[in-house]
Each structure stands twice: as C-alpha cells, then as structure tokens.
Amino acid sequence: MTTTDAVSRAKALFKSKFGADAEVGGAAPGRVNLIGEHTDYCDGFVFPLALQFSTVVLGRKNPAHADTVVVCSEAQNQETAEFAISDGMKAGEPAWTNYVRGMVSIYRENGFDVPGFDAVVCTDVPIGGGVSSSAALEVSLTFQYCH
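What counts, and at which threshold
Residues numbered from 1 in each chain as written. Predicted model: local features only at pLDDT ≥ 70, side-chain atom pairs only at ≥ 80, totals over all residues. Heavy atoms only, no water. Disulfide = S-S within 2.5 Å. Buried < 20%, exposed > 50% of the residue type's maximum accessible area, 1.4 Å probe, protein only. Helix = DSSP H or I, 4+ residues; strand = E, 2+ residues; numbered from the N terminus. Polar contact = N/O pair within 3.5 Å; in protein donor to acceptor, adjacent residues only side chain to side chain. Contact = heavy atoms within 4.5 Å. Pairing = 2+ DSSP bridges. Axes fitted to C-alpha atoms, helices over the stretch in contact; angles between N-to-C directions.

Q: Any details on the state of the cysteines? Residues and values, ideally.
A: Where two cysteines share a covalent bond between their sulfur atoms, that bond is called a disulfide. On inspection of all chains with the given rule, the structure shows 0 disulfides. You can see Cys-122 has no disulfide; the closest cysteine sulfur is in Cys-72, sitting 7.9 Å from it. Given the relative accessible area of 0%, Cys-122 is considered buried.

Q: Just give me the short version of the side chain of Thr-55, but keep the residues and values in it.
A: Assignment of secondary structure puts Thr-55 in strand 2 (residues 47-61). Reaching out from Thr-55, the side chain makes a polar contact with the side chain of Thr-123 at a distance of 2.7 Å. Look past the residues within four positions of Thr-55 in its chain and what remains in contact with it is Gly-26, Ala-27, Ala-28, Val-121, Cys-122, Thr-123, Val-125, Ala-136, Leu-137 and Ser-140.

Q: Lay out the sheet that holds strand 3 (residues 68-73) in plain terms, naming residues and giving numbers.
A: Across the sheet, 5 strands lie side by side as 1-2-5-3-4; this open sheet has mixed pairing. In this open sheet, the two strands that pair with only one neighbour each are strand 1 (24-35) and strand 4 (79-84). Put simply, the sheet's adjacent strands are angled 20° from each other on average, direction ignored. Note that strand 1 and strand 2 share 10 bridges and pair antiparallel. In the strand pairing of strand 2, Ile-35 is matched with Phe-47.

Written out as structure tokens, the structure reads:
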C-alpha cells in the first residue's frame, strides 16, 4: 500500500463512518533503528530509518460532541471506539485506543485545548512487528491539535 492508497481508503472509511468528509489529516511512516536501539536517551548514537509503510489518520472537529473522541481503525476490523476527553484520559478498551487517549492527555497537560473529534486510522505498518506502529499512530494524530 502506498500513502496515496491509504489516504483514499481513509477518505472512504471516514465518509462511511461519519457521513461527511474529513477536514484534516496526518501521516507518519513506520521506522527501524539500524543501530542504537535504546541508546539515544543515554547519549549514544542512533540511526533510525523510515520505512515505506505508513499510518494515515483523517479527522475533523466535532462541535456537536465537544468532549468526545470517536475513532475508527481499519486495521482493527473497522472497530469504532468513543471516549470522553474530560474523563482524565484513563486507559480503556479497546486497548489500541490508549495511544489516542495518551496523545490527547499529553496535549491537554501541556495547555492545549483539545476539541472533540472524529477520526479514522488506516495503516500498513505491521502492528506489533517492532517497526514503531504505535509511534506512527501517535505522530499522525498530532494534526488534530495543530491546525
């Protein structure tokens, strides 16, 4: 899958799930460390490489649900999850949403006003394959707070 393919699939999934077009989007590649696994924070050398696999997240603010995040993951059989931003962003189910919850929590802790939003995730980064699929999800989510 190319990033262009993922964007096309994400657009279709968003329209299907939310009945409208997404307004913003972000993408991030998977990566591997050629050298330096866990040495970067110990002043060691590290040489990460981006992979051809990527994660795409498309979304929009949802003023009708200003305190709610609704997110759908293509890689999780189009599972859709919903949670309240005001709940303190405690870990929850399904487990994959904890990456989304964590990013919302970090932005709020740093003074950003995170609105309720709807989002879809499409990825070809192998999940659990040691190629930073969670980091790709987290980085591709930042568009929600930076626009």
